Amino acid sequence: RLMNGDYDGPVNLGNPDEYSIKDFAEQIQVMTKSNSEIIFLPKVADDPSQREPDITTARRELKWKPEVHVKEGLRKAIDYFQSVLDHHGEIVPTGPEASKPKGK
């Protein structure tokens, strides 16, 4: 829809409810029955203080709204990563400063 329309600006896609990274970490702990420790690190310089996307443009330009509840999306992500682990035995971090968790 965007490609064929007149709008050429940025569009936020996401859930308009606000969740902290801590909220996600704790929910993932519960859903995976993990006893892993959540470690809090200092924020990076460009870390956004608000993680609640304004999806007004997506609604207007794309007639789009989220259809998957956050918990369902987390479940799908957890299932996907579990299938990768089951198939490959590990998940190798990528990116310029990627590193494996300590002790691994």
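Placed above this text is the structure.
Report follows, based on the coordinates. Because the structure is predicted, anything quoted here is derived from the model rather than measured.

Parameters and conventions
- Residues numbered from 1 in each chain as written.
- Predicted model: local features only at pLDDT ≥ 70, side-chain atom pairs only at ≥ 80, totals over all residues.
- Heavy atoms only, no water.
- Phe/Tyr/Trp six-rings, centres within 6.5 Å; stacked < 30°, edge-to-face > 60°.
- Axes fitted to C-alpha atoms, helices over the stretch in contact; angles between N-to-C directions.
- Helix = DSSP H or I, 4+ residues; strand = E, 2+ residues; numbered from the N terminus.
- Parallel < 35°, antiparallel > 145°, perpendicular 65-115°, else oblique.
- Left-handed = near helix turned anticlockwise from the far one by under 90°.
- Contact = heavy atoms within 4.5 Å.
- Nonpolar A, V, L, I, M, F, W, Y, C, P; charged D, E, K, R; others polar.
- Buried < 20%, exposed > 50% of the residue type's maximum accessible area, 1.4 Å probe, protein only.
- Patch = residues over 30% accessible without salt bridge, like charges linked within 9 Å, V, L, I, M, F, W, Y side chains within 5 Å.
- Areas by Shrake-Rupley, 256 points an atom, 1.4 Å probe, with all protein chains shown as cover.
- Salt bridge = Lys/Arg side-chain N within 4 Å of Asp/Glu carboxyl O.
- Lys, Arg positive; Asp, Glu negative; His and termini not counted.
- Charge placed at Lys NZ, Arg CZ, Asp CG, Glu CD.
- Expected span 1.5 Å × (residues − 1).
- Arc of directions from axis to C-beta.

**Re the packing of aromatic side chains**
Point 1. Within the structure shown, the criterion is met by 2 aromatic pairs.
Point 2. Ring centres 5.4 Å apart and planes at 40° place the aromatic pair tyrosine 19 and phenylalanine 24 in the tilted group.

**So, the packing of helix H1 (residues 21-32) against helix H3 (residues 70-88)**
Point 1. Running from N to C, H1 and H3 point in directions that differ by 60°, and their axes come no closer than 11 Å. Considering the angle they form, H1 stands oblique to H3. Viewed along their axes, H1 and H3 form a crossing whose handedness is right-handed. Note on element contacts: H3 touches H1 through Val70, Lys71, Leu74, Arg75 and Ile78, opposite Phe24, Gln27, Ile28, Met31 and Thr32.
Point 2. Of the residues contributing to the contact of H1 with H3, the split by class is 6 nonpolar, 2 polar and 2 charged.

**Let's talk about the environment of proline 66**
Point 1. Along the chain, the position of proline 66 falls in the loop between helix H2 (56-62) and H3.
Point 2. In this structure proline 66 comes out as partly exposed when scored by relative accessible area, which is 26%.
Point 3. It is 16 Å that separates the C-alpha atoms of proline 66 and alanine 77, two residues lying 11 residues apart in sequence.
Point 4. In this structure, proline 66 is in contact with Gly14, Asn15, Pro16 and Ile55, ignoring residues within four places of it in sequence.

**What to know about a negative patch on the surface**
Point 1. On the surface, Asp17, Glu18, Glu52 and Asp54 cluster together to form a negatively charged patch.
Point 2. Structurally, glutamate 52 can be placed in the loop between H1 and H2.

**Here we look at the pattern of salt bridges**
Point 1. If you walk through the whole model with that rule in mind, you get 4 salt bridges.
Point 2. Of the charged contacts, one joins glutamate 61 and arginine 60 as a salt bridge, the two residues approaching to 3.0 Å between their closest N and O atoms.
Point 3. As a salt-bridge pair, aspartate 79 and arginine 75 come within 3.2 Å of each other at their nearest N and O atoms. Remark: arginine 75 and aspartate 79 occur in helix H3; sequence separation between them is 4 residues, near one turn of the helix.

**Considering unusual backbone geometry**
Point 1. The phi dihedral of lysine 33 falls on the positive side, at around 55°, and the residue is not glycine.
Point 2. You can see lysine 33 is positioned in the loop between H1 and H2.
Point 3. We classify lysine 33 as exposed; its relative accessible area is 75%.
Point 4. Here lysine 63, not a glycine, exhibits a phi torsion of approximately 55°, which is positive.
Point 5. Looking at lysine 63, the relative accessible area reads 65%, which means it is exposed.

**Quick word on H3**
Point 1. Over its 19 residues, H3 runs 27 Å from end to end, which matches the ideal 27 Å to within 8%, given 1.5 Å per residue.
Point 2. Considered for burial, the residues of H3 that qualify are Val70, Leu74, Ile78 and Val84. Along the axis of H3, the buried residues cluster in a sector spanning 120°; they form a single face. Turned more than 90 degrees off the buried face of H3, the exposed positions are Asp86 and His87.
Point 3. Positive backbone phi, at 85°, marks glycine 89, one or two positions downstream of H3.

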